[in-house]
Number of protein chains: 2
Amino acid sequence: MERAFGTDLLIVGGTAAGTAAAVAARRAAPGARILLVDKGHDVAYSTCELPMYAGGQIAAEEALVRYTPDTFSGTFGVDVWTGAEVVGFAPGGRTARLADGRRVSWQRLIVAVGAHAIIPPFAEWEEGLGPGVFVLRTLSDARRIRERFTTEPPAHVVVIGAGYTGLEAAVALGQDTRVSVVAPQGRLLPSGLSEPLSRIVAERLTAGGRITIRAARATGLDRAPDGRPLAVITDDGERIGCGAVIVATGIRPSADVVAQLGLRRDDVGAIRVTSAMRTNKPHIWAAGDCAAIPEAVTGRPQWIPLAMNAFRSGRVAGRNAVFSLAPSSGRPATLSPAVAAFAVRLAGLDVAHAGLRLEMARAAGFSADSVDIVGASHSRSLGGEDVHMRLVHDTKRGVLLGAETVGPPGSALRMNTVAALIRLRATVDDLEASDTVYHPDVSPLHDPLRVAARNAQKRRS
Amino acid sequence: MERAFGTDLLIVGGTAAGTAAAVAARRAAPGARILLVDKGHDVAYSTCELPMYAGGQIAAEEALVRYTPDTFSGTFGVDVWTGAEVVGFAPGGRTARLADGRRVSWQRLIVAVGAHAIIPPFAEWEEGLGPGVFVLRTLSDARRIRERFTTEPPAHVVVIGAGYTGLEAAVALGQDTRVSVVAPQGRLLPSGLSEPLSRIVAERLTAGGRITIRAARATGLDRAPDGRPLAVITDDGERIGCGAVIVATGIRPSADVVAQLGLRRDDVGAIRVTSAMRTNKPHIWAAGDCAAIPEAVTGRPQWIPLAMNAFRSGRVAGRNAVFSLAPSSGRPATLSPAVAAFAVRLAGLDVAHAGLRLEMARAAGFSADSVDIVGASHSRSLGGEDVHMRLVHDTKRGVLLGAETVGPPGSALRMNTVAALIRLRATVDDLEASDTVYHPDVSPLHDPLRVAARNAQKRRS
């Protein structure tokens, strides 16, 4: 048997968390041997720009690839192996086995394997998806979609799923193609927006006539003998003819192979870690979309697969993993509890939220209430448009728990104010008393945030 | 002598603070007799929209007049007298005398006389400004400018002053006319922006070729025999030929007539008040641009003539003034200390700031430092532009003291996050640990706010 390649730190997974871990580890330990492996062909690319690349709004792949494997390796002095899938770990030892037979022995391990697209069984075809059926999770996925839509654009595409990825794909591809979105919960963005706000997004998306939303659950796929899709079948008996299908039914933590390591996971499959990103096993850290991190409002671990959390948790894991090689290196870094803060631009609308939705807050044990308001982006005399806002707060002390907004471009930044205040356990009184900039071209005298806070105050008094 | 008109509450001044006071008083005391007097012809209009009205970007006057005197009176059950200038107060008594001889006896008085434009002596002409010379402070001023620029547009206008009003006038009028801005301190916006950021604004303003900035102090005005301006004379010996002049050399609190009341004022002439907006004299409150209010960072009174403060202080004064008529009505309202938060849109750039500038912070006794960064508005692959940011913090604990930004439309809202954090005495660590929304079309993974906070952390460590 070939001798194992030896490294001080092995990082499995090369997108946001893995690369952030590698960079932080290199900075903290200039002499450490660091190896980054990824089963795909790319590292260090912007996952969030994939829909625009798939749809052609971003022309060149270089725009979303921050580093190639080579330039990453050269810049940070890190070994990078792509096409390197970890398929097993030596029981009890510190050796990883790759699909191609190579072995890596490590002193410290960071698991940053991310999350993967959920594939409903009916969409499977010969150990893959078959021609004309796509997911949109990796750069390779985006390349495949782009290739197909450039060379052989379908007249009609069905997007299965009405979450963020599905809607971004619908908007990106809907510029040249008719799109049907199959919304299994009957509405858009159920994980992020309340029903009233999701309805506003639906109105905007369908206004151009190219995108149709169908409240149904996809249950099957008719294919031609060569595997090409002919129609998506729904639970209400419809048969939606189409030339291509995007499967966007959600993601889940990719922790299958690491199950061998005996890492503790939560009920959605995310690896449990401390605030230092340590797992329950010695010498093993986890970061990014495969891990649960402390959430600020509840104080409990939560799976919040966002780029910011991947970057931050990767940085903490990288630093701590190499610090542990030299015990005198100082205090471990810790990850500050996160407030989920999300934004997307859909058909000219900002859609954003921060913290907990009302249902989440109640499920977490808060006596929570919400107010919905419509404010203005700026002076209506100068083209100001509606800004829809929901504010979620606890009824006892008025503590801010969450917010959502839908409005014209720029509206999303209001969620940053809410996220910063939530982190400090501020109340609706704090938000109402805050000062906001006012200029007729920029924002209204009574900013929607403060209007919502004032309504929440009235509701409580 | 005619008998005095009697009222429970007399409010002198009918723009933001005065009308807010009247509305709050009416709500708190449905039966009180309330009289609002203003020496001008209008009440309840948006001062901040005057430049766009003067320049024609807002077409109809109705767009900036929320209520006419009649509709305000009818809606809120308040007597409204316009063209009613208070010229004196009976010594020791509770009677005001108007220029037309009428007298008003009052139980409670709210002084909301605002601020007025500073007129340098060389710009005076026969107890006014003369034809072709304008200020831009009231709706009447804006009407005069619009009338002149519509009927007889000058080929070249000189704006004296490079503060916000001057630059807004320059941009609004510069769409059809060449404009020279005479900048007495050699740069733009000295009261709001640091030198590096003001230079970026200057570059943008002058890029179109219609606006020229001259670092000079205006010292004189050549006029034709009928008073029309021929040229502005500067201290460096230049003679800038022009057909019209906008005087925008600043504002100061309008407290001349109320000096008779013996109200204590600060060194800039703003009336000193408690956080309940009470003056040092019994039965008299003050609000709006004529009063100094508690500032959040220093905890000391400061003159912050912004619409938000006028509205809020007016609301507090109105409520407290009528509450004092019926002592059992509950606790007086108080004004929360204010964080100065300002924004303007100039030639497609957002310019905004919050809290204290570095020089102000040091003058107030803080051991203050600042960091300047350039971030991105959103993904550069999707048209993201530079966002310039200065963050001011104290060097001991890293407490946030202020911030400035210049960037594409929407950038100003970042100052709301800073303002809210300043109010809670948060630190650069809090800002760095805050969560910010990320989406390639909306905002970058590393928001300029957090980039600045991280640089401030490094500077401190």
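What you are looking at is a predicted structure, and each value in this text was computed from that prediction instead of being measured. (Residues numbered from 1 in each chain as written. Chains lettered and ligands numbered in written order. Predicted model: local features only at pLDDT ≥ 70, side-chain atom pairs only at ≥ 80, totals over all residues. Heavy atoms only, no water.)

S.K.: Give a detailed account of the overall build of chain A, specifying residues and quantitative values.
M.R.: If you tally the helices and strands in chain A, you get 11 helices and 25 strands. For chain A, the C-alpha radius of gyration of 23 Å lies close to 23 Å, the compact-globule estimate for 461 residues. Overall size of chain A, expressed as C-alpha extent along the three principal axes, is 75 × 60 × 40 Å. For chain A, the residues scored as buried account for 59% of the 461 residues in total. Taking as baseline every contact in chain A between residues at least 6 positions apart, the subset at least 24 positions apart corresponds to 61%. About 18000 Å² of surface is accessible on chain A, with carbon and sulfur atoms providing 49% of the total. Where the 52 positive side-chain charges of chain A centre and where its 45 negative ones centre are 7 Å apart. (Helix = DSSP H or I, 4+ residues; strand = E, 2+ residues; numbered from the N terminus. Rg over C-alpha atoms; globule rule 2.2 N^0.38 Å. Buried < 20%, exposed > 50% of the residue type's maximum accessible area, 1.4 Å probe, protein only. Contact = heavy atoms within 4.5 Å. Areas by Shrake-Rupley, 256 points an atom, 1.4 Å probe, with all protein chains shown as cover. Lys, Arg positive; Asp, Glu negative; His and termini not counted. Charge placed at Lys NZ, Arg CZ, Asp CG, Glu CD.)

S.K.: Lay out the packing of aromatic side chains in plain terms, naming residues and giving numbers.
M.R.: Residue and element names in this part refer to chain A. Going through the model one piece at a time under the given rule, you end up with 10 aromatic pairs over all chains. Ring centres 4.9 Å apart and planes at 65 degrees place the aromatic pair Phe-5 and Trp-81 in the edge-to-face group. Of the two residues, Phe-5 sits in strand 1 (residues 5-12) while Trp-81 sits in strand 3 (residues 79-81), which places them 76 residues apart along the sequence. For Phe-5, a relative accessible area of 31% translates into the label partly exposed. (Phe/Tyr/Trp six-rings, centres within 6.5 Å; stacked < 30°, edge-to-face > 60°.)

S.K.: Account for the environment of A:Glu404, naming residues and giving values.
M.R.: Residue and element names in this part refer to chain A. As for its placement among the helices and strands, Glu-404 is situated in strand 25 (residues 400-407). Taking the C-alpha atoms as reference, Glu-404 lies 5.7 Å from Met-389; in sequence the two are 15 residues apart. Leave out the neighbours within four places in its chain, and Glu-404 touches Gly-192, Leu-193, Ser-194, Leu-197, Ala-352, His-353, Arg-357, His-388, Met-389, Arg-390 and Met-415. From its side chain, Glu-404 meets the backbone nitrogen of Ser-194 in a polar contact 2.8 Å long. (Polar contact = N/O pair within 3.5 Å; in protein donor to acceptor, adjacent residues only side chain to side chain.)

S.K.: With reference to specific residues and values, describe the relation of the copies chain A and chain B.
M.R.: Of the transformation superimposing chain A on chain B, the axial component is 0.0 Å and the angular component is 180 degrees, with the fit at an RMSD of 0.0 Å. Here the symmetry operator amounts to a two-fold rotation axis. In terms of proximity to the rotation axis, the leading residue of chain A is A:Thr417, whose C-alpha is 2.2 Å off the axis. A share of 100% of the interface residues of chain A reappears at the interface of chain B, consistent with the copies meeting face to face through the same patch. (Least-squares fit on C-alpha atoms with pLDDT ≥ 70 in both.)

S.K.: So what's going on with the sheet that holds strand 9 (residues 156-160) of chain A? Which residues, and what values?
M.R.: All names here are of chain A. Sheet architecture is open: five strands sit in the order 8-15-9-10-11, paired in parallel fashion. In this open sheet, the two strands that pair with only one neighbour each are strand 8 (133-134) and strand 11 (211-215). Strand contacts of helix 5 (residues 164-173): strand 9, strand 10 (178-183), strand 11 and strand 15 (244-247), with the helix running at about 170 degrees to strand 10, the strand carrying the most contacts. (Pairing = 2+ DSSP bridges. Axes fitted to C-alpha atoms, helices over the stretch in contact; angles between N-to-C directions.)

S.K.: Would you mind going over the interface of chain A and chain B in detail, with residue names and values included?
M.R.: Note on interface size: it is often stated as the accessible area lost on association of the parts. Each partner contributes to the interface: chain A provides 58 residues, whereas chain B provides 59 residues. Applying the counting rule to chain A against chain B returns six salt bridges. Here B:Asp430 makes a salt bridge to A:Arg423, at a shortest N to O gap of 3.2 Å. For the side of chain A that touches chain B, the elements supplying multiple residues, two or more each, are helix 7 (307-323), strand 21 (341-346), helix 9 (414-423), helix 10 (428-433) and helix 11 (448-460) of chain A. Ranked by residues supplied to the side of chain A that touches chain B, first place goes to helix 9 of chain A with eight residues. Looking at the side of chain A that touches chain B residue by residue, the class counts come to 29 nonpolar, 14 polar and 15 charged. (Salt bridge = Lys/Arg side-chain N within 4 Å of Asp/Glu carboxyl O. Nonpolar A, V, L, I, M, F, W, Y, C, P; charged D, E, K, R; others polar.)

S.K.: Report on the packing of helix 1 (residues 16-28) of chain B against helix 7 (residues 307-323) of chain B, specifying residues and quantitative values.
M.R.: Residue and element names in this part refer to chain B. In contact at an axis separation of 7 Å, helix 1 and helix 7 are set at 40 degrees when each is read in the N-to-C sense. Between helix 1 and helix 7, the interaxial angle falls into the category oblique. For the crossing formed where helix 1 meets helix 7, the hand is right-handed. Residue-level inspection shows Ala-16, Ala-17, Ala-20, Ala-21, Ala-24, Ala-25 and Ala-28 of helix 1 in contact with helix 7, the latter providing Ala-310, Phe-311, Gly-314, Arg-315, Gly-318, Arg-319, Val-322 and Phe-323. Here the residues of the contact of helix 1 with helix 7 are counted per class, giving 11 nonpolar, two polar and two charged. (Parallel < 35°, antiparallel > 145°, perpendicular 65-115°, else oblique. Left-handed = near helix turned anticlockwise from the far one by under 90°.)

S.K.: Lay out the pairing of strand 9 of chain A in plain terms, naming residues and giving numbers.
M.R.: Residue and element names in this part refer to chain A. Burial runs high along strand 9: five of the five residues are buried. Neither face of strand 9 is open: one carries His-156, Val-158 and Ile-160, the other Val-157 and Val-159, and all of them are buried. The pairing of strand 9 with strand 10 spans five bridges and is classified as parallel. Directly across from His-156, in strand 10, lies its bridge partner Arg-178. A crossover links strand 9 with its parallel partner strand 10, the connecting element being helix 5, and its sense is right-handed. Sheet analysis places strand 9 next to strand 15, joined by four bridges and oriented parallel. Bridge assignment links Ile-160 to a residue of strand 15, and that residue is Val-247. (Right-handed = clockwise from strand over helix to strand, strands pointing away.)

S.K.: Describe empty space enclosed by the protein, listing the residues and the values that go with them.
M.R.: Residue and element names in this part refer to chain A. A full pass over the atoms with the stated rule returns one cavity of 30 Å³ or more. Estimated volume of the largest cavity: approximately 40 Å³. Together, Gly-288, Asp-289, Ala-291, Ile-293, Trp-303, Ile-304, Pro-305, Asn-309, Ala-310 and Ser-313 line the largest cavity. Listed by contribution, the elements that provide at least two residues to the lining of the largest cavity are strand 19 (291-294) and helix 7. If you tally residues by element for the lining of the largest cavity, the top one is helix 7, at three residues. When its residues are assigned to classes, the lining of the largest cavity shows six nonpolar, three polar and one charged. (1 Å grid on protein atoms, 1.4 Å probe; cavity = no way out; pocket = protein on both sides within 12 Å on 5 of 7 lines; lining within 4 Å. Points joined across faces, edges and corners; volume = space filled by probe spheres on them.)

What is shown is where atoms sit, not what they do.
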